[in-house]
Amino acid sequence: MALTPDQVKHIAALARVALTPEELERYRSQMDVILDNFRVLQEINTEGVPPTSQSLSLHTVLREDEPGPSAPKEDVLANAPRREDDLFRVKAVLE
């Protein structure tokens, strides 16, 4: 079942998108292809397949936090635009 131009206009209005007549036809045909793909997916037998939010198992790729030595103070402050003693000097943001 192909989308009608009125249905595409309605979808565009919901998305607050203005379409020219050429865009209307182009998007209508593109949405038809997308809907056809969903129709093919609906024909797949999923009986006995449990619902899932992920197709693959998830695992973290982050390392564990481990304390380590800090960089030397002079190296850290070397590129500070302004400094006061061993501190960064910044503009006041609160009055």
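Above this text is the structure in question.
Below you will find a few notes about this structure. (Residues numbered from 1 in each chain as written. Predicted model: local features only at pLDDT ≥ 70, side-chain atom pairs only at ≥ 80, totals over all residues. Heavy atoms only, no water.)

## Considering the packing of aromatic side chains
Any aromatic ring pair is given by two values, namely how distant the centres are and how the planes are angled relative to each other. One pass over the full model with this rule turns up zero aromatic pairs. The cationic tip of Arg26 hangs over the ring face of Tyr27; the distance from NZ or CZ to the ring centre is 5.1 Å. (Phe/Tyr/Trp six-rings, centres within 6.5 Å; stacked < 30°, edge-to-face > 60°. Lys NZ or Arg CZ within 6 Å of the ring centre and 35° of its normal.)

## Side note on the side chain of Arg28
Of note, Arg28 is situated in helix H2 (residues 21–42). One polar contact links Arg28 to Glu25, side chain to side chain, over a distance of 2.7 Å. In contact with Arg28, not counting residues within four places along its chain, are Ala2, Leu3, Thr4, Pro5 and Val8. (Helix = DSSP H or I, 4+ residues; strand = E, 2+ residues; numbered from the N terminus. Polar contact = N/O pair within 3.5 Å; in protein donor to acceptor, adjacent residues only side chain to side chain. Contact = heavy atoms within 4.5 Å.)

## Details of the environment of Asn45
Residue placement: Asn45 occurs in the loop between H2 and helix H3 (73–77). Since its relative accessible area comes to 64%, Asn45 is described here as exposed. Taking the C-alpha atoms as reference, Asn45 lies 51 Å from Pro67; in sequence the two are 22 residues apart. Among the polar contacts made by the side chain of Asn45, one reaches the main-chain amide nitrogen of Glu47 at a distance of 2.9 Å. (Buried < 20%, exposed > 50% of the residue type's maximum accessible area, 1.4 Å probe, protein only.)

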